[in-house]
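Fold and geometry: a report
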Amino acid sequence: MDKPAPILIDNAEEWEADQILDYRRQDNRHEFLVHWKVYERADDSWEPIENLDHSLELIQEYWDANHPAEPTPQITSHYIKASWEPIEVASTPCTANDCPDNFWEPHDDE
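Counting from 1, residues in each chain are numbered in the order their sequence is written. Thresholds applied to this predicted model are a pLDDT of at least 70 for local features of residues and 80 or more for the giving and counting of side-chain atom pairs; totals over whole chains, interfaces and linings are not thresholded and use all residues. Hydrogens and water molecules were not included; the side-chain quantities draw on all heavy atoms of the structure.

**Let's talk about the overall build of the chain**
How we decide: What counts as a helix is a DSSP run of H or I of at least four residues, what counts as a strand is a run of E of at least two, and both are numbered from the N terminus. Exposure is judged per residue with a 1.4 Å probe applied to protein chains only, and the accessible area is read against the type maximum: over 50% gives exposed, under 20% gives buried, and values in between give partly exposed. The contact rule is simple, with two residues in contact once any of their heavy atoms fall within 4.5 Å. Residue-level accessible areas treat just the shown protein chains as cover; the underlying method is Shrake-Rupley with a 1.4 Å probe.
The secondary structure content of the chain amounts to 1 helix and 5 strands. Secondary structure elements of the chain, listed N to C terminal, follow the sequence β-β-β-β-β-α. Going through the 110 residues of the chain one by one, you find that 24% of them count as buried. Counted over contacts in the chain with a minimum sequence separation of 6, partners at least 24 positions apart contribute 38%. Total accessible area on the chain is roughly 9,200 Å²; 49% of this is exposed by carbon and sulfur atoms.

**Here we look at helix H1 (residues 56-66)**
In plain terms, the rule: To be clear, the arc concerns the directions from the helix axis to the C-beta atoms.
When we look at burial in H1, the residues that qualify are Ile 59, Tyr 62 and Trp 63. Down the axis of H1, the buried set is contained in an arc of 95°. They therefore lie on one face. Pointing more than 90 degrees away from the buried face of H1 are the exposed residues Glu 57, Glu 61 and Ala 65. Elements in contact with the buried residues of H1: strand S3 (17-26) and strand S4 (29-36).

**Details of the packing of aromatic side chains**
The line we're drawing: The pairing test for Phe, Tyr and Trp rings, Trp by its six-membered ring, is centres within 6.5 Å, and the orientation test on the planes gives stacked under 30 degrees, edge-to-face over 60, and tilted for anything in between. We call a charge positioned above a ring when the Lys NZ or Arg CZ atom is no farther than 6 Å from the ring centre and deviates by at most 35 degrees from the ring normal.
If you walk through the whole model with that rule in mind, you get 5 aromatic pairs. Summarising the aromatic geometry, the rings of Tyr 23 and Phe 32 are spaced 5.2 Å apart at their centres and angled 50° between planes, so their arrangement reads as tilted. An identical accessibility class is assigned to Tyr 23 and Phe 32; each is buried. Grouped by ring-pair contacts, the aromatic residues Tyr 23, Phe 32, Tyr 62 and Trp 63 constitute a single cluster. Above the face of the Trp 46 ring, Arg 24 is positioned so that its terminal group lies 4.1 Å from the ring centre.

**What to know about the pairing of S3**
Condition: Pairs of strands are assigned from DSSP output, requiring at least two bridges between the strands.
Here S3 pairs with S4 via 8 bridges, running antiparallel. In the sheet register, Ile 20 faces S4, and the bridge partner there is Val 34. Between S3 and the antiparallel strand that follows it, S4, lie 2 residues; Asp 27 among them carries a positive phi value of about 55°.

**Here's the deal with the nonpolar core**
Basically, it comes down to this: The nonpolar core is taken to be a set of buried Ala, Val, Leu, Ile, Met, Phe, Trp, Tyr and Cys residues, with the residues joined through side-chain atoms within 4.5 Å.
Judged by nonpolar contacts, Ala 17, Ile 20, Tyr 23, Phe 32, Val 34, Trp 36, Tyr 39, Ile 49, Leu 52, Ile 59, Tyr 62 and Trp 63 together constitute the single largest core of 12 residues. Elements that contribute at least two residues to this core include exactly S3, S4 and H1. In this structure Trp 63 touches Tyr 23, Phe 32, Pro 68, Glu 70, Pro 71, Thr 72 and Pro 73, once residues within four positions along its chain are discounted.

**Remarks on unusual backbone geometry**
Positive phi, normally seen in glycine, also occurs at Asp 27, with a value near 55°. Its place among the elements puts Asp 27 in the loop between S3 and S4. Even without glycine at this site, Val 38 takes up a positive phi of about 75°.

**Some details on the confidence of the model for the chain**
Applicable threshold: Within a predicted model, pLDDT stands for the predictor's per-residue confidence, ranging from 0 to 100.
Model confidence for the chain is summarised by a mean pLDDT of 81, while 73% of its residues fall at 70 or above. Within the chain, the lowest mean pLDDT, 76, falls on strand S1 (residues 7-9), and the highest, 95, falls on H1.

Here it is as structure tokens:
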């Protein structure tokens, strides 16, 4: 079976979570065992809550069913999901002719 391609959300590749299976604290971070839609159980993975910001309803459903007396974990400012986007950079060649003749001389404010 071919695995589905990721979907683009806010210019980032994401896969759709189908179910939250378990919870753990790893290095003081909230992590959830995620079963991915259309994937096999062998592809389930532990994901930090910061990676699941579009699956908060699934997290709430899991939490209500398995930890009803405890507050639901939240995304905290301690760990921010990092994303990288290439940016266009202007590249203007630098030549020795661009430098004024008095560039290295001390500046006098008087």
